[in-house]
Each structure stands twice: as structure tokens, then as C-alpha cells.
Amino acid sequence: VRVMKQHKPPLAVVVAGRVYRPDAVDASHSFMFHQIEGLLVDEKVQFSELKGLLTEFCKRFFGPGVVMRFRPHFFPFTEPSAEVDINASILGIQKKQWLEILGCGMVNPKVFQAVGYPKGQYQGLAFGLGWEGWPILNKAIMNIGFFLEMEGGFLNNF
Amino acid sequence: MAGLEIEAIENVGKGPVFEIEITPNRPDALSMLGLAREIGAITDRQVKFPKIKNIKTKALKNLVHIENKADCGRYIATLIKQVTIKPSPVEMMEKLSSMGLKPINNAVDITNFVLMETGQPLHAFDFDKLEGGRIEVRRARSGESIVTLDGVQRKLDPSILVIADAQKPVAIAGIMGGLGTEISTSTKNILLESAFFDMGLIRQACRTLGLRSDSSYRFERQVNIKGVETGANRATDLLLQLTQGQIAGRQEVSANIKTRFETVKVRLSDISSFLGGDVPLMRVKGWLTRLGFKVKAKGDILTVNAPDNRSDIHQDVDIIEEVSRMMGFDKLPVKLPIIKAVNIPVDKRPRQIKDKIRQILIAGGMDEIITLSMTNTKALQKSQMGDVQALRIFNPLTQDQELMRPGLLPSMLQVTLTNMNRGQKDLKLFEIGKRYFINGEKETLGLLLTGRRTRDWRYPSKDVVDIFDLKGLLEGFFKALGRSPVYKSVALPIFDPACSAEIDVNNVIMGTVGKIDHTVLNNWDLKGGDIYFAEVFLDKVYALPPQEQRYQPLCGFPAIVRDVSLAVKKEVAYQDIEKLCLSKGEGLLKSVHFIEQYLGNKIQPGYKGLVFSCQYQKIDRTLREEEVAKVHDQILQTLTAELKAILR
């Protein structure tokens, strides 16, 4: 929001940082973690471009053989909204399952209205991921709490 | 793959039970019929709705009164007399159990059943227990309280909406009924409530009371106001059948609630271009119609009316989402965007500096850690930081996280403790994190060393780290920035007074370094060895003007080296000795190199022995012995005179 208020589109921004949530703490939820989010704003942005961007990212990050899918979901600030799953097989996991890695969508026009952009002039795509979640998803790391304890054995992995 | 995700399928009794994640924008799906409509739309099948009789009965007056229609937009009270309360039929009990709901008696079960079936929350009151034979929908008054169905007494206040009889509250509107008017086997007459309450009010009350229910869940997300009547009719019909009661009449009070469901106009070409693929009109009409929308197409423009249960439809993108999810995202092409964005100028220097720091520290054998941004009063006190002002969090999750940390020490000590408790006593940790103050957040580097210097088997295991290991790491990255820090002995509460200093560059305090005071170690119950800690204020580091590093040409002429061995009082800093030598070097002294420090019994108490070498060299000629000897003697004399050094 700050970037949109301080700068004029076209914008292509990636931001990483700490986030805090009043979530109940369990093996995969914590009150402090880190997110990486991206935003692309221009006069014309298409959903197929959102697909393209994230597909390319997954291919480069996981390998060209990654099998992924876009699933309709809901976020208040994007419309349509989706979640991206990758098939666990790319990570060497035998069980056939889908792992949720990203949330994304086309920026809801109400967000543009809120930052003062003229109605209907801009479109955008947005995506986000919580990176502590990724190693937890493939069960490599069993508990998000390890990220806060910082024990020697855990640190040796990095 | 059209939106609602099935989380689990369980086989219970007669068949599978699906656990479905309903996103917050789809309150219409919080019922069997809502889901049936959705599934019917997706699979293009007709839904067989249960036949609900339109109940025609005497219109009653004075049964229900609403204090403020803004709080309660619609209330239908149905009076059913001469009921027989007994267990529900087996089929109904089984259906409720499969949902995780406990069957109680036929009347209560019907209210739960219709809630789950239609999404309309209902409540049944024992009519004879209502004082004055009527109810009022009003705000609670200060001092009022109620014992809810779960047996808990709850204090009420005017922010909470209640259903009250002539004397007192008998239910917390939209959330839970009162114990006093619950339906029991002795109930003879029932007042059935079906209503629409303001979603904000219900949500607020849930938070205030810390109480939630299946009913409140639906009110919070907005119930369909038209469904109030459907729900009332369905429940009335079932009650008449199962309790063998007689309907005595009904009163409806409603406000003129404007439906929020505007007509949405959207261009077909916009749908196609937004999604990035061609979407034919016939299919769009087909999908939207199946979902219950009314579509009128005139040229490129579609005028769409949402069904009354879809409160989430407001603008053209909402229609586009409906189309895209029915189509299936996988049907859309994949295309890379062409990014025309101009680079927003971002100062890259902080990131470059941080990368350099990480490189140097990791090469130095350290591990990077990330710790919590929050801390608490006790942790600060244990670390002897009790006097440091910390920002208080208004509504902390736990007492442990009541403050935003003003320093990295407490959390790094916590990590140290965790590790020591698990048998890891050799630690070299650093963190690049933030300290939080009322005037902003400051990026900070924290370093912590303790335990063995190395695990290398060739080195004695009792060789533990000391302050010079930490100093060495600090020198390392300041050198990479082209700076030589100076250390000023300053007493700081976290450090042992004999080993506590400020790090200075050009008279700006860059950080602090020292040995953690043993009181702090005791407070934290840290049973390992000494702990050395430093904090570097990165905001000050970023502010240093970039130092151009110039190539130093090799000198072609030989150097003359003179070693110096002396003893000085322990308080005299080596850096001052070095500074003094260089200032008296008269251009001949190129550099001074520290060799060693010793504190053996050959040195008098209160003193330390130092050995260093002076390197004399000129870039343009060979130096003569005599001129070097002259300058060197002068230096030695100055050291004796000004620093009271004793030459050895």
C-alpha cells in the first residue's frame, strides 16, 4: 500500500519481512514469521499473466518437472483469488498429495480506490508466501517452533 | 475445483461426511441447501429442495417488540401450543450426530436441524417461562446478567443485544439462549424465533463475551434476510409434525431493509481481457444462470443480478471471479507479463553491507539466527536492562510478549539457554534484527560467543573464547568498510565492569561490546562459561560515508623493524599506545603491529606486559639506522613519560 501511495504505476515490487499474527500456536502456525509478497500494477494486467509469472517461478525454483495447480480461494484484497499447490512428487515425497505454497490473485479494485488511484485505470496482480511454511510442508521440518528456538542441531541444516 | 475445498471425508454411519472449508466470502454456503445449490451449479444438476409449506396463520400483536430496527432488521416469532417434548426420530438424531451435534429433544433438535439445513439460525423458548408472555429485542442494560444454556453466568452491557421478557434478558441475541427458558420435557408451549441481527453487533458481542456458536458464526458473516421466513416456515412445519402442537399465531416485525445486492454491469470483452482468454457469451450466461444469477445481455454489456443469498457480489470483478472459477483456472492460458515498471530507486547500500557482514561472520564460523521481536519486563530485568524504555504492546498474545524489544541481548540469551539446556555449550551466534523505540525501528547486529574456540581436535579443548575473538570479528567487518574502530571503556549494566566498551568510529558510537556480567548469567541460569556479546547499530553503519578503498602500492625500499617490550598499568589501552607511537613517528614509522600481551608473574600486579613491533619504512628511499634509532628512542621516551610505561 505504501509503495502504491508513494509511487506511480507501472509498479513491480517484491517485499520480504517479518509479520505478526494473533494465531493460536501449533506445529504449523506461529505468531511471528516471515513473508515474501509481490505486486505488479499496470494499466492492463491479466490473470493469465499471474499464472505465467507464478508458473515460471515454480519451474525455476522446483525444477522444470513441477506439477502445479491454481485453485480458487478467497482473500479480501484480491478478486479473483487463488492458491497455488505443487504436487509433492517433485520433492521426492511418495505420497500423492498437493502442497499449498502460495496465495495470489488479481488486486481488488477497492484496494486501488483506497490508495487513491483513478477508478478503472489500473489493474494488478499480487502473490504472497510464508517461507517458514515451505520446509514444513514437505515435512522436512516438523515444527515451526524450531524457527524460533534456533537450536544448534537445527541451525546445522543451513 | 470451483472454490470450496474439501478438507476431509469421514465415513460415519450411513455415508460419507465431508468437511469443507468455507471461505469468509461465502456465507451462503454455510448450510446443506447452500452447498447443494453450489454443487448443482458446478455439476449442472437440478437441486431437489425440501417442500416447505407456506405457513398461514393468525397475525399476532404484542408478542415481540424491537427497540431499534438497526440492530434487528427482521424478527418472526411463531407461537406453537400444546407440544409434546420427546426425543426426535432416529433419522434426525443420526443426521445431527454425524454433524457433531448432540441430539437433545425434538424441539431443540429441529432448531439445530433447520440451522444446518437452511443456514438460518433459530431459537425455541419455553413460552410459559417468558414473564409477561412477550419478548423484546433490545440492548442489555448495565448490571444485567444471564445464565446461558451452558450453565455459565454472564455479565451483560449495552453493547450486547439481548432477547428479554418483561423482567430480564432470556437470551443473548444471535449467540446463545438462556437456561431459564430452555425447552424441557415439561414445556407445553413454544415461541420460535427466526431473525436477522446486525452482523457487526453479533461479532462484537462474541468478542466481548468470549462466546461463539453455530448461530453466531452465521450472523457474523451475514445471514440471508429473505431466509428468515424460509427458516421459520421450515421449522414450524417440522415442529407441528414432530411435537404434535398447534400453531397459535405469528408476529413479524421487520425494518425496511434495502437489499444490498445491486445490479452489476460487466462487459463481456472485459471478462475475456481480464482473464486473458476468450470466454464465449453462451457459456458465461450458462454458468451464471446455474449459480442463480439473472443475466441480460445487450451487445457487449451484461447486466447481472445476484441471487439474494449471495451477499458477496458487488462489483464487476466479483462476476469475473464467478465466471473464472466455473470455467476452471486451468483452462486459462499461461503468459508471462511484460514488466514496464521503472526501477524505484532503493538505497542498496544497507543490503550490501548486511551481505558483507554475513559473509565475514559466517566465514568466521558463526551461525546466523532469527529471534522474536517481542520480549517482556522480566527478561529485560534478568539482563540488567530494566532501565531501558521499551514499547508496550497494547494487546499482547501472552505476558511473555508484552514489549517490543529495545535490544537483542535477552532473546539471544534465551537462544543460548535453550542450546545449553540441550548440551550445546559452544556457540557463535549473530542476529541482524531490529530494536524498537518510540521514534522508530533500528536495525542492529548482535553477536554472541561462548564456549570452546574450536572443535578442531588438534587444539586443546579447554581453549575457550575470550573478548579478543569477538573483537576480531568486529574488526573484520569494520575493516571491510574501510574503518578502524576505537574502543572506549564505558561501564554498561549488561557487562562486567572490567570488560565493557563502546565502539567508536569518527567519534560516533557504533555499538557496544563486552563480557556479560555474571549477575546476568545467574539470573538466566546460564551454566556454561563466560559469554561475550556485542551490539552494532547498523543505522549508524549505513550512515558512514562510503570509503573509497585505494590500492596501496608495495614499497620498494626495505623496512627497519624494532620490537618493543614494555609493561603498563592495566587500564592503559593498547590503541592509545599505538596512537602515541604513530604521532611521534615523524613520518618514518609506517605501522605498529601488536605481537602479544602477557599477564604472567614476571609482571608487577596491576600491570600488563605488551610486545609490539614498530615498522619503519619510507616509500621513496632507504632509511638509515641512525635516523630510525633517533625517532625510536624518542617514541620510547614519550611512552615512558606520558603513559608511565616500564621498558623491559
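What counts, and where the lines are drawn
The numbers attached to residues start from 1 for each chain and follow its sequence in the written order. For this description, chains carry letters from A and ligands carry numbers from 1, given in the order in which they are written. With the structure being a predicted model, the display of local features is reserved for residues of pLDDT at least 70 and the display and counting of side-chain atom pairs for 80 or more, all residues being used for whole-chain, interface and lining totals. The side-chain figures draw on all heavy atoms in the structure; neither hydrogens nor water molecules are used. A run of H or I in DSSP becomes a helix once it reaches four residues, and a run of E becomes a strand once it reaches two; helices and strands are each numbered from the N terminus. In this treatment the radius of gyration is a C-alpha quantity, and the globule benchmark scales as 2.2 Å times the residue count to the 0.38 power. Remark: exposure states derive from per-residue accessible area (1.4 Å probe, protein chains only) relative to the maximum for the residue type, with buried under 20%, exposed over 50%, and partly exposed in between. In what follows, a contact means two residues having at least one pair of non-hydrogen atoms within 4.5 Å. Exposure was quantified through the Shrake-Rupley algorithm and a 1.4 Å probe, taking into account, for residues, occlusion by the shown protein chains and nothing else. Only protein atoms enter the 1 Å grid used here, on which a cavity is any set of points holding a 1.4 Å probe that cannot leave and a pocket is any open set flanked by protein within 12 Å on both sides along at least five of seven lines; residues with an atom within 4 Å of a point are listed as lining. Grid points are joined across faces, edges and corners, and a volume is the space filled by probe spheres set on the points. Basically, the charged four are Asp, Glu, Lys and Arg, the nonpolar ten are Ala, Val, Leu, Ile, Met, Phe, Trp, Tyr, Cys and Pro, and anything else, Gly included, counts as polar. Strand pairing requires that DSSP identify at least two bridges connecting the strands. Interaxial angles span 0 to 180 degrees and are taken between N-to-C directions of axes, which are lines fitted to C-alpha atoms, for helices over the stretch in contact. If an angle is under 35 degrees, it is roughly parallel; if it is over 145, roughly antiparallel; if it lies from 65 to 115, roughly perpendicular; otherwise it is oblique. Handedness of a crossing follows from how the near helix is turned relative to the far one, being left-handed for an anticlockwise turn of less than a right angle and right-handed for a clockwise one. Annotation comment: domain bounds sourced from an automatic or database domain assignment. Throughout, nonpolar core names a set of buried Ala, Val, Leu, Ile, Met, Phe, Trp, Tyr and Cys residues whose side chains join them through atoms within 4.5 Å. One less than the residue count of a helix, multiplied by 1.5 Å, gives the span that helix is expected to have. Note on definitions: salt bridges are taken to be side-chain nitrogens of Lys or Arg within 4 Å of carboxyl oxygens of Asp or Glu. Ring geometry is summarised as follows: Phe, Tyr and Trp rings, the Trp one being its six-membered ring, pair when their centres sit within 6.5 Å, and such pairs are stacked at plane angles under 30 degrees, edge-to-face over 60 and tilted between the two. Two conditions define a charge sitting above a ring: the NZ of Lys or the CZ of Arg must be within 6 Å of the ring centre, and it must be within 35 degrees of the ring normal. The directions considered for the arc run from the helix axis to the C-beta atoms. For every residue, the predictor reports its confidence as pLDDT, a number between 0 and 100. Once two parts are brought into contact, the accessible area they lose, counted with a 1.4 Å probe and summed over both, makes up the buried area. Side-chain atoms alone can form a polar contact between residues adjacent in sequence; in general such a contact is a pair of N or O atoms within 3.5 Å, and within protein one must be able to donate a hydrogen while the other accepts it.

I'd love a proper account of the overall build of chain B, names of residues and values included.
Looking only at helices and strands, chain B has 17 helices and 30 strands in total. What you see for chain B is a C-alpha radius of gyration of 40 Å, clearly larger than the 26 Å of a compact globule of 648 residues, by over 25%. Taken along the three principal axes of its C-alpha coordinates, chain B extends 125 × 60 × 45 Å. Taking all 648 residues of chain B together, 47% fall into the buried category. A fraction of 68% describes how many contacts in chain B between residues 6 or more apart in sequence connect residues 24 or more apart. About 33,600 Å² of surface is accessible on chain B, with carbon and sulfur atoms providing 51% of the total.

Let's hear about empty space enclosed by the protein: which residues, and what values?
Tallied over the full model, the rule gives 2 cavities of 30 Å³ or more. Breaking the lining of the largest cavity down by element, the ones donating at least two residues are β3 (68-75) of chain A together with α9 (316-327) of chain B. For the lining of the largest cavity, a count of residues per class yields 4 nonpolar, 4 polar and 4 charged.

Any details on the sheet that holds strand β18 (residues 374-375) of chain B? Residues and values, ideally.
Residues and elements named next belong to chain B. Taken in spatial order, the 3 strands line up as β18-β20-β19 in an open sheet, and their pairing is antiparallel. Only two strands of the sheet have a single partner each, and these edge strands are β18 and β19 (391-392). By the bridge criterion, 2 bridges tie β19 to strand β20 (residues 403-404) in an arrangement that is antiparallel. Following the sheet pairing, Arg 392 is matched in β20 by Leu 403.

Account for the packing of helix α7 (residues 268-275) of chain B against α9(B), with residues named and values stated.
All names here are of chain B. With their axes 10 Å apart at the nearest point, α7 and α9 run at an angle of 65° to one another. Taken together, α7 and α9 sit at an angle that is classed as roughly perpendicular. Of the two possible hands of crossing, α7 and α9 adopt the one that is right-handed. Of the residues in α9, those touching α7 at Asp 270, Ile 271, Phe 274 and Leu 275 are Val 317, Ile 320, Val 323 and Ser 324.

Any details on the domain arrangement of chain B? Residues and values, ideally.
By the assigned domains, chain B splits into domain 1 (64-254), domain 2 (349-542) and domain 3 (560-647). Here the C-alpha centroids of domain 1 of chain B and domain 2 of chain B sit 59 Å apart.

Any details on the nonpolar core? Residues and values, ideally.
Side chains of nonpolar character tend, in soluble globular proteins, to be buried together. All names here are of chain B. Membership of the largest hydrophobic core comes to 49 residues, with the highest contact counts inside it found for Ile 271 and Phe 293. Residues in contact with Phe 293, not counting those within four places in the same chain, are Leu 288, Val 304, Asn 305, Ala 306, Pro 307, Arg 310, Ile 313, Ile 319 and Glu 322. The next biggest cluster of nonpolar side chains, apart from the first, holds 44 residues, and it includes Ile 135, Leu 161, Ile 163 and Ala 205.

Give a detailed account of helix α2 (residues 47-62) of chain A, specifying residues and quantitative values.
Here α2(A) is 16 residues long and its end C-alpha atoms lie 22 Å apart, about the 22 Å a rise of 1.5 Å per residue gives. Those residues of α2(A) lying buried are A:Phe47, A:Ser48, A:Glu49, A:Leu50, A:Lys51, A:Gly52, A:Leu54, A:Thr55, A:Cys58 and A:Phe62.

I'd like a rundown of the pattern of salt bridges, residues and numbers included.
Residues and elements named next belong to chain B. Across all of its chains, the model carries 45 salt bridges over all chains by this definition. Notably, a salt bridge pairs Arg 154 with Asp 150, separated by 2.7 Å at the nearest N-O pair. Classification of Arg 154 by relative accessible area gives buried; the value is 12%. Between Arg 624 and Glu 627 there is a salt bridge, and its shortest N-O distance comes to 3.8 Å. Three or more residues are tied together by salt bridges with common partners; here these are Arg 26, Asp 28, Glu 38, Arg 310, Asp 312, Glu 322 and Arg 325.

Account for the packing of aromatic side chains, with residues named and values stated.
Applying the stated criterion across every chain yields a total of 10 aromatic pairs over all chains. Geometrically, the ring pair formed by A:Phe75 and A:Phe77 is stacked, given 5.9 Å between the ring centres and 15° between the ring planes. Classification of A:Phe75 by relative accessible area gives buried; the value is 19%. By the ring-pair criterion, three or more aromatic residues cluster together here, those being A:Phe57, A:Phe61 and A:Phe62. Positioned above the aromatic ring of B:Trp524, the side-chain terminus of B:Lys382 is 4.2 Å from the ring centre.

Explain helix α16 (residues 574-583) of chain B to me, using residue names and the numbers behind them.
Residue and element names in this part refer to chain B. All of the buried residues in α16 are Tyr 574, Ile 577, Leu 580 and Cys 581. Axial view of α16: buried residues confined to an arc of 120°, hence all on one face. Facing away from the buried side of α16, by more than 90 degrees, are the exposed residues Lys 579 and Ser 583. Tucked inside the fold, the buried residues of α16 contact β27 (560-569), β28 (589-598), β29 (607-616) and α17 (625-643).

Go over the sheet that holds strand β21 (residues 427-437) of chain B with me, naming the residues and quoting the values.
All names here are of chain B. The strand order across the open sheet formed by 7 strands is β17-β21-β22-β26-β25-β24-β23, and the pairing between neighbours is mixed. Either end of the sheet is taken by a strand with one partner, and the two such strands are β17 (367-368) and β23 (486-489). In this sheet, strand β24 (residues 495-505) lies alongside β23 in antiparallel orientation, the contact comprising 4 bridges. Looking across to β24, one finds that Tyr 487 is bridged to Ile 503. Lying on the sheet, helix α13 (residues 467-480) is in contact with β22 (440-450), β23, β24, β25 (508-516) and β26 (531-537); it crosses β26 at an angle near 20°.

Could you give me a rundown of the confidence of the model for chain B, with the residues and numbers involved?
All names here are of chain B. The share of residues in chain B with pLDDT of 70 or more is 99%, and the mean pLDDT across the chain is 90. For chain B, per-element mean pLDDT is lowest for strand β1 (residues 5-12), which scores 80, and highest for β26, which scores 97. Confidence metrics for the complex model read pTM 0.78 and ipTM 0.83.

Describe in detail the interface of chain B and chain A, supporting the description with residues and values.
At the junction of the two partners, chain B supplies 52 residues and chain A supplies 51 residues. Carbon and sulfur atoms supply 62% of the area buried between chain B and chain A, which totals about 4,400 Å² over both sides. Our enumeration of links across chain B and chain A arrives at 2 salt bridges. A:Arg71 is the partner of B:Glu5 in a salt bridge, and the nearest nitrogen-oxygen pair spans 3.2 Å. Between the two partners, chain B and chain A, sit 16 residue pairs in polar contact (both at pLDDT 80 or more). Counting residues per element, the ones that place at least two in the side of chain B that touches chain A are α7, α9, β17, α12 (409-421) and β21 of chain B. Grouping the constituent residues of the side of chain B that touches chain A by class yields 26 nonpolar, 13 polar and 13 charged.

Any details on the side chain of B:Glu322? Residues and values, ideally.
Residue and element names in this part refer to chain B. Within the secondary structure, Glu 322 is located in helix α9. A residue is classified by how much of its surface remains accessible, and Glu 322, at 2% relative accessible area, is buried. With near-sequence residues (within four places) excluded, Glu 322 lies in contact with Leu 288, Leu 291, Phe 293, Arg 310 and Ile 313.

Give me the environment of B:Gly364: which residues, what numbers.
Residues and elements named next belong to chain B. Note that Gly 364 resides in the loop between α10 (349-363) and β17. Along the chain, Gly 364 and Gly 476 lie 112 residues apart, while their C-alpha atoms are 9.1 Å from each other. Excluding anything up to four places from it in sequence, Gly 364 contacts Lys 428 and Leu 473.

How would you summarise the layout of surface pockets if you had to cite specific residues and measurements?
All names here are of chain B. Size it by volume and the second largest pocket reaches roughly 2,100 Å³. If you go around the second largest pocket, you meet 50 residues; those closest to its centre are Phe 468, Lys 471, Tyr 487, Tyr 574 and Gln 575. Secondary-structure elements contributing two or more residues to the lining of the second largest pocket are α13, β23, β24, β25, α16, β28 and β29. The element that contributes the greatest number of residues to the lining of the second largest pocket is β24, accounting for 8 residues. Here the residues of the lining of the second largest pocket sort into 20 nonpolar, 13 polar and 17 charged. When residues of the lining of the second largest pocket are sorted by domain, at least three fall in each of domain 2 (349-542) and domain 3 (560-647).

Mind laying out the side chain of B:Thr416, listing which residues take part and the relevant values?
All names here are of chain B. Along the chain, Thr 416 falls in helix α12. Residue classification places Thr 416 among the buried positions, given a relative accessible area of 0%. When sequence neighbours within four positions are dropped, the list of residues in contact with Thr 416 reads Leu 427, Leu 429, Leu 448, Thr 450, Leu 526 and Ile 531.

Describe the packing of helix α8 (residues 281-290) of chain B against α9(B), listing the residues and the values that go with them.
All names here are of chain B. At a minimum axis distance of 10 Å, the contact between α8 and α9 shows a crossing angle of 100°. As judged from the angle between their axes, α8 and α9 are roughly perpendicular. Across from Val 284, Trp 287, Leu 288 and Arg 290 in α8, the residues of α9 making contact are Ile 319, Glu 322, Val 323, Met 326 and Met 327. Residues that form the contact of α8 with α9 fall into these classes: 7 nonpolar, no polar and 2 charged.

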